[in-house]
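Secondary and tertiary structure notes
Take a look at the letters that make up each chain.
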Amino acid sequence: MEETLEFAERVHAGKPQLPLALRLIRNTGVRKRHIVQPIEQTLRHPGFEERNRIYERESKKRCPGVIEEALTNAGLVAHDIDVIIYVSCTGFLMPSLTAWLINTMGFRSDTRQIPIAQLGCAAGGAAINRAHDFCMAYPESNVLIVSCELCSLCYQPGDDGVGSLLSDGLFGDAVAAAVVRGSGGTGMALERNASYLIPNTEEWISYAVRATGFHFQLDRRVPGTMEPLAPVLRELATDHGWDIRNLDFYIIHAGGPRILDDLSKFLGVDRSMFRYSWTTLSEYGNIASAVVLDALRRLFEDDAAAPGATGIVAGFGPGITAEMAVGRWTAGLPAAAELDLAHAVGNPIS
């Protein structure tokens, strides 16, 4: 955080909006983040083409190890995977990285590929939900989820609006992987999922795509979106016969401190119940689609969820979109679809 504030003051010195941006960055609760390049290189802009080349190089360098760890944790090998869902909003490859993974890591040639590129921070929840849907349709299948978010490659030195400066101090880089098994394993047994889009908010979180690459645009109304989304989460739990206020664990997208505080207030849930999301925000920043996977990793490592414990996963992103799932914790018992997590960030990106 200290380095972030120092660089912001130096790079954007004299800008009238800088004092407000510095105050907002200080209030994010982010203590540290990890990025794929040294900060001096990150602050330079070598051009969109070079940045995308770095994205390809770093994603191919960093994804395999995390994937191997996820497969090991799930007790599987590459040949057991039927679908790869790859989520990323910070670089572009065609064919998707899924093709490279299949060709280099021993996945079967008939492995299905599902790239998700434009759901931003909601894509982690969306990937879990689409994996759940697939396993419900094909009960013996195994789905690999890979999230590669190199947010620092979207830094734009010329963007000095408050929203841009705040995002520069909030987002971090991470790679995560998880396995959703159609049967067996230990983890969160997914039972129901849902999606919701707040009408007429598609311009509130967006990219402007220019010659210099992706320019992140954040509307000042975004932090207030938990008030209309809280009833949606409540309804999902109610439809499942549960009380949203009395679940055993909550895996919530850590978009920023107000997102977590407001959702806690509007759901009537003590903020300490969001502790895994708070820790992810503090130690890694907003790592986009990887947030929910890292928060789930912390739930696994805490080893505090008893069999049958009830919980919810919720990701929020552009649209404004919410992707939500509820389920119970299971340990080594067959279930409709279970989420077996890797150490989501693996070796921290530095």
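Residues numbered from 1 in each chain as written. Predicted model: local features only at pLDDT ≥ 70, side-chain atom pairs only at ≥ 80, totals over all residues. Heavy atoms only, no water.

**Looking at the overall build of the chain**
For the chain, the helix and strand inventory stands at 11 helices and 11 strands. The C-alpha atoms of the chain give 19 Å as radius of gyration, which agrees with the globular expectation for 350 residues (20 Å, within 12%). Its C-alpha atoms give the chain principal-axis dimensions of about 60 × 50 × 35 Å. The 350 residues of the chain split such that 58% are buried. (Helix = DSSP H or I, 4+ residues; strand = E, 2+ residues; numbered from the N terminus. Rg over C-alpha atoms; globule rule 2.2 N^0.38 Å. Buried < 20%, exposed > 50% of the residue type's maximum accessible area, 1.4 Å probe, protein only.)

**Considerations on the packing of aromatic side chains**
Scanning all chains against the criterion turns up 8 aromatic pairs. When the centroid spacing of 4.8 Å and the interplanar angle of 35 degrees are considered together, the rings of F134 and Y138 count as tilted. For F134, a relative accessible area of 14% corresponds to the buried category. Consider the rings of F300 and W329, whose centres lie 4.8 Å apart with planes at 70 degrees: the pair is edge-to-face. Of the two residues, F300 sits in helix α11 (residues 291–302) while W329 sits in strand β10 (residues 321–331), which places them 29 residues apart along the sequence. Taking the relative accessible area as the measure of exposure, F300 reaches 22% and is therefore partly exposed. The rings of F48, F171, Y207, F214 and F216 are connected pair by pair, giving a single aromatic cluster. Just above the ring of Y138 sits the side chain of R112; from NZ or CZ to the centre is 5.6 Å. Against the face of W278 rests R271, its NZ or CZ located 4.3 Å from the ring centre. (Phe/Tyr/Trp six-rings, centres within 6.5 Å; stacked < 30°, edge-to-face > 60°. Lys NZ or Arg CZ within 6 Å of the ring centre and 35° of its normal.)

**Concerning the nonpolar core**
In this structure, I251, I252, L263, I312 and F316 are the most contacted members of the largest nonpolar core, which totals 80 residues. Beyond its immediate chain neighbours, meaning those up to four positions away, I252 contacts L260, L263, F274, S277, V291, V292, I312, A314 and F316. Within the second largest apolar cluster, 28 residues are counted, among which are I84, L144, C148 and L150. (Core = buried A, V, L, I, M, F, W, Y, C linked by side-chain atoms within 4.5 Å. Contact = heavy atoms within 4.5 Å.)

**Here we look at unusual backbone geometry**
With omega at 5 degrees, the peptide bond leading from M94 into P95 counts as cis. Secondary-structure assignment places P95 in the loop between β1 (83–87) and α5 (97–105).

**Thoughts on the packing of helix α1 (residues 2–11) against helix α2 (residues 18–26)**
Relative orientation of the contacting elements α1 and α2 amounts to 170 degrees, with a least axis distance of 11 Å. With respect to their mutual orientation, α1 and α2 come out roughly antiparallel. Judged by residue contacts, T4, L5, A8 and E9 of α1 engage L18, L22, I25 and R26 from α2. In terms of residue class, the contact of α1 with α2 is built from 5 nonpolar, 1 polar and 2 charged. (Axes fitted to C-alpha atoms, helices over the stretch in contact; angles between N-to-C directions. Parallel < 35°, antiparallel > 145°, perpendicular 65-115°, else oblique. Nonpolar A, V, L, I, M, F, W, Y, C, P; charged D, E, K, R; others polar.)

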